[in-house]
Amino acid sequence: MKRLYAIALLLASPFAAAGEFVDLRDAPAVGGDAAAGSAKVMVCVACHGPSGNAVVPAFPALAGQHAGYLYQSLAGFRRRADPASPMTAQVQTLSDQDLRDIAAYFAAQRRTAPIATATANAPGARLFRDGDPVRGIVPCQGCHGLDAQGHPQRMQAARYDYYPALAGQQSDYLVARLRHYRDSALADTSNARIMQGIAHNLDDTAIVDLAAWLATTPR
Ligand code: HEC
Ligand code: HEC
């Protein structure tokens, strides 16, 4: 029974089977139909907030996130089927087309402005723009854009749509996510491996500073 279940999961995976490595270096545009997606997100907004504007700090905001990043994130939850993630149950019964439509829907939503205002020379702002050679921290802006809106070349190449915007993301979620890249061995895509390498040198102070600045920067 257990084995049958595993086989069903493998067949359902859009990108690759569980345990396989996914190369996103030449990933194509996601496509997806935002209008069709709007009919498939009823259950999602219970946790991720109206139109994907999360209210609970541990739940990531999805509104205005790039479709490529959202799609591969959802495909990854389904592929890995990690029992510890609340997302596993959410994506198991969705088709590949559903994931594309849902990604297109949330990408088209407007993210609400943060309540607090970002400070231009806050420690997190400086780390994001300049990095810190002494601590071995590279600048984030080269890949996430000067104002954390996404990769600077996103409009030129579809593969850069798979790089997330970080502005206006929930700070608790950012802290957890960065610690996960730093401390976990799991990185099953070429993009996750890039971020794992970056996070390797982030100390807890840097993570909290970066998250605080990003969460107050408008998307
Ligand atoms: C029970 C609450 C809950 C529901 C319902 C839920 N999510 Fe999530 N979602 C989470 C949590 C918590 C996380 C972060 C934890 C994690 O990554 O495992 C997350 C993470 C995500 C992420 C990753 C975001 C990022 O920036 O990488 C995406 C995308 C996402 N959810 C989409 C969805 C979609 C689409 C649905 C509906 C089909 C949905 N979620 C339903 C709780 C939920
Ligand atoms: C060389 C390019 C590169 C640099 C530099 C980089 N990132 Fe990333 N980052 C990525 C890619 C690619 C992803 C998508 C990874 C994935 O799909 O899991 C990512 C994902 C993330 C995420 C996950 C977002 C989410 O919604 O779950 C966070 C947070 C993040 N980066 C923060 C940072 C911070 C902070 C820095 C600077 C210390 C940084 N990144 C520097 C390429 C980069």
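Conventions adopted
Residues numbered from 1 in each chain as written. Chains lettered and ligands numbered in written order. Predicted model: local features only at pLDDT ≥ 70, side-chain atom pairs only at ≥ 80, totals over all residues. Heavy atoms only, no water. Donors = N, O, S within 2.8 Å, 3.2 Å for Na, K, Ca; no water. Tetrahedral: all angles 85-135°; square planar, octahedral: opposite > 155°, others 65-115°. Helix = DSSP H or I, 4+ residues; strand = E, 2+ residues; numbered from the N terminus. Buried < 20%, exposed > 50% of the residue type's maximum accessible area, 1.4 Å probe, protein only. Near = heavy atom within 4 Å. Polar contact = N/O pair within 3.5 Å; in protein donor to acceptor, adjacent residues only side chain to side chain. Nonpolar A, V, L, I, M, F, W, Y, C, P; charged D, E, K, R; others polar. Salt bridge = Lys/Arg side-chain N within 4 Å of Asp/Glu carboxyl O. Domains from an automatic or database assignment. Contact = heavy atoms within 4.5 Å. Buried area = accessible area lost by both parts, 1.4 Å probe. Axes fitted to C-alpha atoms, helices over the stretch in contact; angles between N-to-C directions. Parallel < 35°, antiparallel > 145°, perpendicular 65-115°, else oblique. Left-handed = near helix turned anticlockwise from the far one by under 90°.

Chemist: Hey, could you run me through the coordination of the iron atom of ligand 1 in this one?
Modeler: For a metal bound by four donors in tetrahedral geometry, the ideal donor-metal-donor angle is 109.5 degrees, whereas six donors in octahedral geometry ideally sit at 90 or 180 degrees. Donor atoms from the polypeptide that coordinate the iron atom of ligand 1 comprise His-48 (NE2) and Met-87 (SD), at 2.0 to 2.1 Å from the metal. Every donor counted, the 6 donor atoms about the iron atom of ligand 1 form angles of 87 to 178° at the centre, which fits octahedral coordination. Taken together, the positions of His-48 in helix α3 (residues 44-48) and Met-87 in helix α5 (residues 87-91) put the pair 39 residues apart, joining distant regions of the chain. Comparing His-48 with Met-87, the two get one shared label, buried.

Chemist: What is the right way to read the site of ligand 1 from this model?
Modeler: Taken together, 19 residues lie around ligand 1, and Cys-44, Cys-47, His-48, Tyr-69 and Met-87 are the ones closest in. Take His-48: an N or O atom from its side chain is 2.8 Å from a nitrogen atom of ligand 1. In the model, an oxygen atom of ligand 1 is placed 2.8 Å from a nitrogen or oxygen of the Ser-85 side chain. When residues of the shell around ligand 1 are traced back to their parent elements, those giving at least two are α3, α4 (67-80) and α5. Take the shell around ligand 1: its biggest share by element is 5 residues, from α4. A class-by-class count of the residues in the shell around ligand 1 yields 15 nonpolar, 4 polar and no charged.

Chemist: What should I look at first to understand the coordination of the iron atom of ligand 2 in this one?
Modeler: Around the iron atom of ligand 2, the protein supplies His-144 (NE2) and Met-195 (SD) as donor atoms, at distances of 2.0 to 2.3 Å. For the iron atom of ligand 2, the 6 donor atoms in the first shell make angles of 88 to 179° at the metal, a pattern classed as octahedral. You can see His-144 sitting in helix α8 (residues 141-144) and its partner Met-195 sitting in helix α10 (residues 190-199), a full 51 residues away along the chain. A relative accessible area of 18% means that Met-195 is categorised as buried.

Chemist: Would you mind going over the pattern of salt bridges with me for this structure?
Modeler: Any two side chains of opposite charge can pair, so long as their charged atoms come close to each other. A full pass over the atoms with the stated rule returns 13 salt bridges. Note that Lys-40 and Asp-98 form a salt bridge whose closest N and O atoms lie 2.8 Å from each other. Here Lys-40 is found in the loop between α2 (34-38) and α3, whereas its partner Asp-98 is found in helix α6 (residues 96-107), with 58 residues between them in sequence. Relative accessible area serves as the criterion here: at 28%, Lys-40 is assigned to the partly exposed category. One salt bridge connects Arg-129 with Asp-147, and the closest N-O pair in it is separated by 3.9 Å. With Arg-129 in helix α7 (residues 123-130) and Asp-147 in the loop between α8 and α9 (171-183), this residue pair connects regions lying 18 residues apart in the sequence. Residue Asp-147 is classed as partly exposed on the basis of its relative accessible area, which comes to 43%. Among the ionic contacts, a cluster of salt bridges with common partners joins Arg-179, Arg-182, Asp-183 and Asp-204.

Chemist: Which parts of the structure should I look at to understand the domain arrangement of the chain?
Modeler: Often, the extent of an interface is quoted as the loss of accessible area on bringing the components together. You can read the domains of the chain as domain 1 (22-107) and domain 2 (123-216). Of note, the centres of domain 1 and domain 2, computed from C-alpha atoms alone, are 20 Å apart. Listed as interface residues are 25 residues of domain 1 and, on the opposing side, 22 residues of domain 2. Here domain 1 and domain 2 share an interface that buries about 1900 Å² over both sides, 49% of which is from carbon and sulfur atoms. Among the residues of domain 1 in contact with domain 2, Leu-24, His-66 and Tyr-69 are the three that bury the most area, contributing 31% of the side total. At the junction of domain 1 and domain 2, the tally comes to 2 salt bridges. Linking Asp-188 and Arg-80 is a salt bridge whose minimum nitrogen-to-oxygen distance equals 3.1 Å.

Chemist: Help me out: how do you make sense of the site of ligand 2 in this one?
Modeler: Around ligand 2 sit 22 residues in total, of which Cys-140, Cys-143, His-144, Tyr-181 and Met-195 are the nearest. Tyr-69 is positioned with one of its side-chain polar atoms (N or O) 2.8 Å from an oxygen atom of ligand 2. In the environment of ligand 2, an oxygen atom lies 3.2 Å from a nitrogen or oxygen atom belonging to the side chain of Gln-72. Secondary structure elements with two or more residues in the shell around ligand 2: α4, α8, α9 and α10. When grouped by side-chain class, the residues that make up the shell around ligand 2 number 18 nonpolar, 3 polar and 1 charged.

Chemist: I keep staring at the packing of α4 against α6 and nothing clicks. Help me out?
Modeler: Any two packed helices are characterised by the angle at which their axes cross and by the distance between the axes. Interaxial distance between α4 and α6 falls to 8 Å at its minimum, and their mutual angle equals 140°. When the axis of α4 is compared with that of α6, the two are oblique. As α4 packs across α6, the resulting crossing turns out to be right-handed. The residues of α6 that touch α4, namely those facing Ala-67, Leu-70, Tyr-71, Leu-74, Ala-75 and Arg-78, are Asp-96, Leu-99, Arg-100, Ile-102, Ala-103, Ala-104, Phe-106 and Ala-107. Among the residues making up the contact of α4 with α6, the classes are represented as 11 nonpolar, no polar and 3 charged.

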